[in-house]
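Okay, here's what each chain looks like letter by letter:
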Amino acid sequence: MAQTHAAIETTHPSDHPPGTHYFVPQPSLYPFILSGGMFLLALGFILFMNKFAAGSWIMLAGTGVILTVVVRWFGRIIHESQTGSYREWEDKSFRYGMIWFILSEVAFFAAFFGALFYVRNISVPDLLTMLPRHDFTLYPEYKDLLWPASGGGPKGIAFTPMGAWGIPAINTALLLSSGATITWAHWALLKNNRTQLNLGLFLTIALGVVFLGFQGYEYYHAYTELGLTMGAGVYGATFFMLTGFHGFHVTLGTIMLMVIYGRCLKGHFTANRHFAFEGVAWYWHFVDVVWLGLFIMVYWL
Amino acid sequence: MSHATTAPHETHHDAHYPGGIMRWLTTTNHKDIGSMYLTFALIMFFVGGAMILAVRAELFQPGLQLMQPEFFNQLIGIHALVMIFAALMPAATGFANWQIPLMIGAPDMALPRINNWGFWLLPPAAILLTLPFLLAVFGIGDGALNTGWTMYAPLSVQGGIGVDFAIFSIHILGISSILGSINVIVTIFNLRAPGMTMMKLPIFCWGWLITAFLLIATIPVLAGAVTMLLTDRHFGTHFFNAAGGGDPILFQHLFWFFGHPEVYILLLPVWGLMPHVLATFSRKPMYGYKAQVYSFIAIGLLSVVVWAHHFFTAGLPVPALLYFMYSTMAISLPLAVLFFCWIATMWKGAMSFETPMLFAQGFIIMFGVAGLTGLVLADVAADAQYHHSYFVIAHFHYALFAGGIMGVMTGVYYWLPKWTGYMYDEKLGKLHFWLTVISFNLTFMPQFFLGLAGMPRRIPDYALQFTEFNAISTVGAMILGFSQLIFAWNIWKCARGHANGLAPAEGRAWEGATGLEWELSSPPPHHSWEVQPDLRQPGA
């Protein structure tokens, strides 16, 4: 028995006929260290929020550990991929894995969309209609409250809701275009046209970065000129949490695009083997679709 | 524990595998990871159990004897989180890791490093959950989460540092669950032996597959809910604060959108393993495989649309109450299908009652009690009386202890010979079963009556008329808690079966057992199926 499992780990996969050998990686310390880094980050953040001086340092240490491990771990995977450890069978596992990971992200955004629908359809109208139903009202200021709610509650400051047809409309155009450019790059990869592939990826990254720049400006504008903050009633809460988590995902997506752009420049990926490219493209489309939901539900309606 | 016997002859010949502690930190092997999950679950089972024994000791008599209410509140909430997230769920994931590759003819889980990460996220999360107890001793913060495990706003918005620890613990546990689920789904979809169609998949794998779907759909919603809680606490948002247009009931909706499917997340793996055990010890094929698979799917779908029955008394509109009542009751239909399939599997079988079969019998009867009392709770009109009483505590312990934990024990005794290569001590197993089943009923049956008489849950003191039943319940709980030491001893003994002179287990450890996992030796080789069995050829 022992001889055979030595064989399964060390022999090159191409020694086996297709579909009979599944790549099981060597023991690895990365997951353990990554968990330790996440522990430090969480602990530091808790202490930071509760005003303990050590908190930010522990967070910093945790972030350092996480970044180091993520870079090393992905580096290891890229190395394994380039040296032929993965074939169709493993490739399919990665595809399934990525799909279900994205679905879990969909469920995460669903929680915040659910909260938005709930406050728009149930809690805010309930607070509005308390007077006729119960003959009293907690907050008289709410009597002409319509969504987008324009007051921060009884003691809250007034604010101006974010309009849809300025920066958000431009950002919609930017993200939709980036969805097109990455597909254009994918077509190029399938046709083995490396120049178009690199150009398409570069454009996608540029559009993502411009999007993030606009969103940063929008937040600055909201805080300094509109009085729209995280604390500006439940409108501010849903606005910043939904767009903020989306922006965070765009940031991650852009970093992922940069990684595969670097790999493309080094000549990685072939017309029929490029899971990493497709995984990032799927993720980017997912971020794109979430944005459309945001544009319609948060900004427009 | 169970790995102890497989260790020497595996690592011995093979220079690639680090030994000692590094073996466990770095392993990518599904059996090693499964053993770690199960060991962790067993340890946390005792941690959570010790907490609740302290609670039961306090409730032995009316008045405050042992602890202040603030500490009592911490114990009940952390007990629940530890038992659900750190004991039952890891135990189920341990089963998945050990059994799914064996049962479907795979060499390992599909994503082995992710698998290792999923496990190693658990100890940090458990530390985060319990660290505030320790910090309070040094004057940092005011102890652990003290809101009960449901963390309802606005109490949790106002709570101390323990709430923050619980929030991040839940985040990390959630990531671990999602990683585990992705691994299970990918393994089942991609690594089945040739010829094993989805409708030939062992039913344990089907149960876990539906569990994994539910985890992926609902754990992120819980993550979202606790994130909103965090920003309400520290960053000035008003999700759960009516002063800003939010609503504390929103938290209940989000929490129970996760919380109700969570019940099935805990139970589906057990429902999956139960037919295997019943068929083995009845020496008959399982009855109604397809009906059970479709019932799993129906229960999975229904479980995400019934959540509001957990807060009928919170002030929901009547149409919502009616909808949630009827949809909740509808779950009893596919569940009844499962019960009848279990009974029909045993019908006219050549039954024998080894420990796993005993636990399976106890499971069916007492989980039936949980189901029937659940129907009563689902009734909106009746629930106003039962809500937040000890009746609810008794109901969900029949579901999660007699259903969940005894189901896990069924699986442990059933598969222990496969994992360790030795037959466990049958006498100890039977002693463990009878002590457990008797003391369990002694603990929780009186709580139904306490609840009906009006004793509220989560209160460290109670009115004098509740004294006798509480005293009985505490005695039962102490016996129940300490009986579990027999379980731990039996596992330890079996894991070191050679030293303890136990009989070696054959590949097919049970006479009536069928399925791929019994074709392998006990314990199975390091890589379970290096060459996949081909089920397309007859007799392969």
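Conventions adopted
- Residues numbered from 1 in each chain as written.
- Chains lettered and ligands numbered in written order.
- Predicted model: local features only at pLDDT ≥ 70, side-chain atom pairs only at ≥ 80, totals over all residues.
- Heavy atoms only, no water.
- Helix = DSSP H or I, 4+ residues; strand = E, 2+ residues; numbered from the N terminus.
- Rg over C-alpha atoms; globule rule 2.2 N^0.38 Å.
- Buried < 20%, exposed > 50% of the residue type's maximum accessible area, 1.4 Å probe, protein only.
- Contact = heavy atoms within 4.5 Å.
- Areas by Shrake-Rupley, 256 points an atom, 1.4 Å probe, with all protein chains shown as cover.
- pLDDT = per-residue confidence, 0-100.
- 1 Å grid on protein atoms, 1.4 Å probe; cavity = no way out; pocket = protein on both sides within 12 Å on 5 of 7 lines; lining within 4 Å.
- Points joined across faces, edges and corners; volume = space filled by probe spheres on them.
- Nonpolar A, V, L, I, M, F, W, Y, C, P; charged D, E, K, R; others polar.
- UniProt positions renumbered as here; feature names shortened; annotations may be inferred.

**What about the overall build of chain B?**
Turning to step 1, where the next piece is worked out: Per the secondary structure count, chain B includes 18 helices and 0 strands.
Turning to step 2, where the next piece is worked out: Taken against the 2.2 N^0.38 rule, which gives 24 Å for 540 residues, the C-alpha radius of gyration of chain B at 23 Å falls within 12% of a compact globule.
Turning to step 3, where the next piece is worked out: Seen along its three principal axes, the alpha-carbon backbone of chain B occupies a region of about 65 × 50 × 40 Å.
Turning to step 4, where the next piece is worked out: Here chain B holds 540 residues, and 66% of them are scored as buried.
Turning to step 5, where the next piece is worked out: Within chain B, residue pairs in contact and separated by at least 24 positions form 81% of the contacts whose partners lie at least 6 positions apart.
Turning to step 6, where the next piece is worked out: For chain B, the accessible area works out to roughly 17700 Å², and carbon and sulfur atoms hold 71% of it.

**Brief notes about the overall build of chain A**
Turning to step 1, where the next piece is worked out: Helix and strand counts for chain A stand at 9 helices and 0 strands.
Turning to step 2, where the next piece is worked out: The contacts in chain A between residues at least 6 apart in sequence include a share of 72% that link residues at least 24 apart.
Turning to step 3, where the next piece is worked out: Split by element, the accessible area of chain A, about 14100 Å² in all, is 71% carbon and sulfur.

**Side note on the confidence of the model for chain A**
A low pLDDT means the predicted coordinates there should not be read in detail.
All names here are of chain A.
Turning to step 1, where the next piece is worked out: In this model, chain A carries an average pLDDT of 88, and 84% of its residues clear a pLDDT of 70 or more.
Turning to step 2, where the next piece is worked out: For chain A, the element scoring lowest by mean pLDDT is helix H1 (residues 2-10), at 38; helix H2 (residues 30-49) scores highest, at 97.
Turning to step 3, where the next piece is worked out: A low-confidence stretch, residues 1-14 (pLDDT under 50), is modelled with 29 contacts involving residues beyond four sequence positions or located in other chains.

**Comments concerning empty space enclosed by the protein**
Residue and element names in this part refer to chain B.
Turning to step 1, where the next piece is worked out: Considering all chains together, one arrives at 5 cavities of 30 Å³ or more under this definition.
Turning to step 2, where the next piece is worked out: In this structure, the second largest cavity occupies an estimated 160 Å³ of space.
Turning to step 3, where the next piece is worked out: What lines the second largest cavity is a set of 17 residues, and nearest its centre among them are Met89, Pro90, Thr93, Ser176 and Ser177.
Turning to step 4, where the next piece is worked out: Taken together, the residues that form the lining of the second largest cavity break down as 11 nonpolar, 6 polar and no charged.

**Considering the UniProt feature "transmembrane region" (unreviewed entry) in chain A**
All names here are of chain A.
Turning to step 1, where the next piece is worked out: The UniProt record marks residues 29-48, 54-75, 96-119, 169-190, 197-217, 237-261 and 282-300 with the feature "transmembrane region" (unreviewed entry), using the residue numbering of this structure.
Turning to step 2, where the next piece is worked out: Regarding residues 169-190, the helix share stands at 100% and the strand share at 0%, and the terminal C-alpha atoms are separated by 32 Å.
Turning to step 3, where the next piece is worked out: The span residues 282-300 carries 100% helix and 0% strand; its end-to-end C-alpha distance comes to 26 Å.

**Some details on the confidence of the model for chain B**
Residue and element names in this part refer to chain B.
Turning to step 1, where the next piece is worked out: Mean pLDDT over chain B stands at 93; residues scoring 70 or higher make up 96%.
Turning to step 2, where the next piece is worked out: For the stretch residues 1-15, pLDDT sits under 50, and the model shows 32 contacts to residues farther than four places along the chain or on other chains.
Turning to step 3, where the next piece is worked out: Predicted as a complex, the structure gets a pTM of 0.93 and an ipTM equal to 0.93.

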